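Below, each chain spelled out in residue letters.
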Amino acid sequence: MADLAKYSITTFQRKPGLWRASITRTDRRPCVAPRAIGKELLSLVTPLDSESEAAAGEAAKAVIEKL
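Scope of this entry: the structure provided in the associated data block. Model, not experiment: these values are computed from the prediction. (Residues numbered from 1 in each chain as written. Predicted model: local features only at pLDDT ≥ 70, side-chain atom pairs only at ≥ 80, totals over all residues. Heavy atoms only, no water.)

Helix and strand counts for the protein stand at one helix and three strands. Element order for the protein, N to C, with α for helix and β for strand: β-β-β-α. Taken over 67 residues, the protein has a buried fraction of 27%. Sequence-distant contacts in the protein: of pairs separated by 6 or more residues, those separated by 24 or more amount to 46%. (Helix = DSSP H or I, 4+ residues; strand = E, 2+ residues; numbered from the N terminus. Buried < 20%, exposed > 50% of the residue type's maximum accessible area, 1.4 Å probe, protein only. Contact = heavy atoms within 4.5 Å.)

Set out below in structure tokens:
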């Protein structure tokens, strides 16, 4: 489980009513996602649309917990 304090979450409206979140490491170290072993990610976006900004933020937190 990754430390939430090491990540920045930015939510954005992709289309009216559809929200996503971008996740970036705050210490400038690459994210290492389970499916990207051997590759470095600087940031990632939640894979599914959410109905609200708050729901997109919660989805981002769930992704961080899986890192």
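Using the criterion set out here, one finds three salt bridges in the structure. Residues Asp-49 and Arg-14 are paired through a salt bridge, measuring 2.7 Å at the closest nitrogen-oxygen approach. Of this pair, Asp-49 sits in the loop between β3 (43-45) and α1 (53-66) while Arg-14 sits in strand β1 (residues 7-15), and the two are 35 residues apart along the sequence. Judged by its relative accessible area of 39%, Arg-14 is partly exposed. The closest approach of N and O atoms between Glu-58 and Lys-61, which form a salt bridge, is 3.7 Å. Taken together, the positions of Glu-58 and Lys-61, both in helix α1 and three residues apart, correspond to about one turn of that helix. (Salt bridge = Lys/Arg side-chain N within 4 Å of Asp/Glu carboxyl O.)

You can call Lys-61 partly exposed: its relative accessible area is 35%. Residues Lys-61 and Tyr-7, 54 residues apart in the sequence, show an inter-C-alpha distance of 9.3 Å. The residues touching Lys-61, leaving out its near neighbours within four places in the chain, are Leu-4 and Ile-9.

Such coordinate-based values are descriptive only and should not be taken to indicate function.
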